[in-house]
Amino acid sequence: MFTLIRPQLAQHDSGYFVTTRDRHSVLLMEADGSSVVAEAEYGPRDSVYTSTIVKHDAQGRTLAMSDAERDSAAERMAEGLRAMGATVDVYW
């Protein structure tokens, strides 16, 4: 379950946050301080592109991600955007 903190920021019960970062990306912030960014398009149907996902640790260093981790992050991003009222497509 998500709690809407403000119009473009949702927090999941497990502690992570999803927010629109700017006009072309979505940000997933993990409870451990790491973050995952993906390109996104916002409109009548929002889109998240898994091929663009990059993960950073709390110090900003890029971390490797498996395909399963990338897919999970994309789904969590989409769920967060849906909690904000968006209709979302995820493109693998």
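Residues numbered from 1 in each chain as written. Predicted model: local features only at pLDDT ≥ 70, side-chain atom pairs only at ≥ 80, totals over all residues. Heavy atoms only, no water.

Caption draft 1: Region of the structure containing the nonpolar core. Core analysis: the largest hydrophobic core is formed by 19 residues, its most contacted members being Val26, Val36, Val48, Ile53 and Met77. Breaking this core down by element, the ones donating at least two residues are strand S4 (25-29), strand S5 (35-41), helix H1 (67-83) and strand S9 (88-91). Here the element with the most residues in this core is H1; it accounts for five residues. Residues contacting Met77, with those up to four places away along its chain left out, are Val18, Val26, Leu28, Val36, Val37, Ala38 and Val48. (Core = buried A, V, L, I, M, F, W, Y, C linked by side-chain atoms within 4.5 Å. Buried < 20%, exposed > 50% of the residue type's maximum accessible area, 1.4 Å probe, protein only. Helix = DSSP H or I, 4+ residues; strand = E, 2+ residues; numbered from the N terminus. Contact = heavy atoms within 4.5 Å.)

Caption draft 2: Structural context of the pattern of salt bridges. Applying the stated criterion to the full structure yields four salt bridges. Close ionic contact of Arg76 with Glu30 constitutes a salt bridge, the shortest N to O distance being 2.3 Å. Remark: Glu30 occurs in the loop between S4 and S5 and Arg76 occurs in helix H1; sequence separation between them is 46 residues. For Asp67, the salt bridge is made with Arg70, and the minimal N-O distance between the two is 3.7 Å. (Salt bridge = Lys/Arg side-chain N within 4 Å of Asp/Glu carboxyl O.)

Caption draft 3: Spotlight on the pairing of S4. In terms of burial, S4 is largely enclosed, as four of its five residues are buried. Taken together, strand S3 (residues 17-22) and the strand that follows it, S4, pair antiparallel across an intervening segment of two residues. By the bridge criterion, five bridges tie S4 to S5 in an arrangement that is antiparallel. Following the sheet pairing, Val26 is matched in S5 by Ala38. (Pairing = 2+ DSSP bridges.)

Caption draft 4: Spotlight on the environment of His12. By the secondary structure assignment, His12 is in strand S2 (residues 9-12). We classify His12 as buried; its relative accessible area is 19%. It is 7.6 Å that separates the C-alpha atoms of His12 and Gly80, two residues lying 68 residues apart in sequence. Beyond its immediate chain neighbours, meaning those up to four positions away, His12 contacts Met1 and Phe2.

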